[in-house]
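What follows is each chain in one-letter form.
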Amino acid sequence: MRLARARTDDGVVAGEYRDGTLVSDGAEYVVDEGDFLPPCEPTALYCVGRNYAATLDQMEYERPEEPDFFIKPPASLLGHGDPVAYPPFTEELTYAGELAAVVDVECRDVSPADVPGVVRGYTVMNDVDALDQQGRTARKAFRGSGPLGPWVETDVDPTAIEMYTDVSGERRQEANTELMLFDAHEIVSFLSRRFTLQPGDVVAFGSPANPGLVEPGDSVEITYEGVGTLRNEIVDTSEW
């Protein structure tokens, strides 16, 4: 099942998305790509970095002993199809195609085996990063740095998903979630021992190696097979 949120003539509606139609409380709404909103309303986006060996090699990082995470605020969110404004404070903007879990119930101290019972499903995130800024908050937590969507897929096994990222038609990333150093269940469990996770919160699991920057006019498409494709265009700062 695909769970989505979208703009309609009746306002914001959440429900099951079925091939161009959003079904909610017995009503049906025709929606297109431009209508999608972020598919959940998190209190925080918990993002794990350095979770693929190839990324460690690319960035010359040490292998972490436990998941290495940072937090994006809800203000960073964008939906599928929303433009990503190239920030005026950076000259090195990049992307990261990530699988993300959406929490379904308030929870804490969850064992890895119990994680499927507290997760609503999975979606796709672009961890937009201003590489030349100092510190992760400045690099990764600015407005528009968290495109998410297009929907939450509820029937997903996160352990072996093929993924790829295309930038303006050029393949930039290609990997499988089985290459993650810490798997999805381990990461959600780890974070639940430090935070009380809330319904709608997002846990993103990191990105494979990222070869390249983006410029205004580029289109970034991130696909996790069986989950969906998140698409956003980079636009000039005049639209910031």
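Cut-offs used in this document
- Residues numbered from 1 in each chain as written.
- Predicted model: local features only at pLDDT ≥ 70, side-chain atom pairs only at ≥ 80, totals over all residues.
- Heavy atoms only, no water.
- Helix = DSSP H or I, 4+ residues; strand = E, 2+ residues; numbered from the N terminus.
- Rg over C-alpha atoms; globule rule 2.2 N^0.38 Å.
- Buried < 20%, exposed > 50% of the residue type's maximum accessible area, 1.4 Å probe, protein only.
- Contact = heavy atoms within 4.5 Å.
- Areas by Shrake-Rupley, 256 points an atom, 1.4 Å probe, with all protein chains shown as cover.
- Pairing = 2+ DSSP bridges.
- Salt bridge = Lys/Arg side-chain N within 4 Å of Asp/Glu carboxyl O.
- Core = buried A, V, L, I, M, F, W, Y, C linked by side-chain atoms within 4.5 Å.
- Polar contact = N/O pair within 3.5 Å; in protein donor to acceptor, adjacent residues only side chain to side chain.

**Remarks on the overall build of the chain**
Line of reasoning, step 1. Of the regular secondary structure elements, the chain holds 3 helices and 19 strands.
Line of reasoning, step 2. Relative to a compact globule of 240 residues, whose C-alpha radius of gyration would be 18 Å, the chain shows 17 Å and is just as compact.
Line of reasoning, step 3. Dimensions of the chain, computed from the C-alpha atoms along their principal axes, are close to 55 × 45 × 30 Å.
Line of reasoning, step 4. Scored against the burial criterion, the 240 residues of the chain give a buried share of 55%.
Line of reasoning, step 5. Taking the contacts inside the chain whose residues are at least 6 apart along the sequence as the reference set, 73% of them involve residues at least 24 apart.
Line of reasoning, step 6. About 10600 Å² of surface is accessible on the chain, with carbon and sulfur atoms providing 44% of the total.

**Quick word on the sheet that holds strand β19 (residues 228–235)**
Line of reasoning, step 1. Taken in spatial order, the 5 strands make up an open sheet running β9-β19-β18-β15-β16, and their pairing is mixed. At either margin of the open sheet sits one strand with a lone partner, and together these are β9 (84–85) and β16 (170–176).

**A short note on the pattern of salt bridges**
Line of reasoning, step 1. Counted according to the given criterion, the structure contains 18 salt bridges.
Line of reasoning, step 2. Residues R18 and E16 are paired through a salt bridge, measuring 3.1 Å at the closest nitrogen-oxygen approach.
Line of reasoning, step 3. Among the residues examined, R18 registers a relative accessible area of 43% and is labelled partly exposed.
Line of reasoning, step 4. Of the charged contacts in the structure, one is a salt bridge between D129 and R139, with a shortest N-O distance of 2.4 Å. With D129 in strand β13 (residues 129–130) and R139 in helix α2 (residues 136–140), the pair connects residues that are 10 residues apart, well separated along the chain. The same class applies to D129 as to R139, namely buried.
Line of reasoning, step 5. Put simply, K72, D127, D129, R139 and K140 are held in one network by salt bridges that share partners.

**Focus on the nonpolar core**
Line of reasoning, step 1. Core analysis: the biggest nonpolar cluster contains 45 residues, and Y122, F205 and Y224 have the highest contact counts within it.
Line of reasoning, step 2. For this core, the secondary-structure elements that each account for two or more residues are β6 (45–49), β11 (97–103), β12 (119–126), β15 (162–167), α3 (184–192), β18 (219–224) and β19.
Line of reasoning, step 3. No other element matches the 5 residues that α3 contributes to this core.
Line of reasoning, step 4. When neighbours within four sequence positions are excluded, Y224 is seen to be in contact with Y52, G97, E98, L99, V124, I161, E162, M163, T177, G206 and P208.
Line of reasoning, step 5. One finds C40, C47, V152 and V202 within the second-largest nonpolar core, a separate group that totals 12 residues.

**A closer look at the environment of G79**
Line of reasoning, step 1. Following the sequence through the fold, G79 ends up in the loop between β8 (77–78) and β9.
Line of reasoning, step 2. G79 gets classed as buried once you look at its relative accessible area, which sits at 0%.
Line of reasoning, step 3. Once the C-alpha coordinates of G79 and P38 are considered, the two residues, 41 residues apart in sequence, prove to be 4.4 Å apart.

**Looking at the pairing of strand β3 (residues 21–24)**
Consecutive side chains along a regular strand alternate between the two faces of the sheet.
Line of reasoning, step 1. Every second residue of β3 is oriented toward a common face, with T21 and V23 on one face and L22 and S24 on the other, all of them buried.
Line of reasoning, step 2. Across 3 bridges, the pairing between strand β2 (residues 11–18) and β3 is antiparallel. The residue of β3 that forms the bridge with E16 is V23.
Line of reasoning, step 3. Taken together, β2 and the strand that follows it, β3, pair antiparallel across an intervening segment of 2 residues, in which D19 is found at a positive phi of about 50°.

**Side note on the side chain of T94**
Line of reasoning, step 1. Mapped onto the elements, T94 comes out in strand β10 (residues 93–94).
Line of reasoning, step 2. Under the relative-accessibility criterion, T94 is labelled buried at 5%.
Line of reasoning, step 3. At 2.9 Å, the side chain of T94 forms a polar contact with the backbone oxygen of G212.
Line of reasoning, step 4. With residues up to four places along the chain from it excluded, the contact list for T94 reads D127, V128, D129, L131, N210, G212, L213 and V214.

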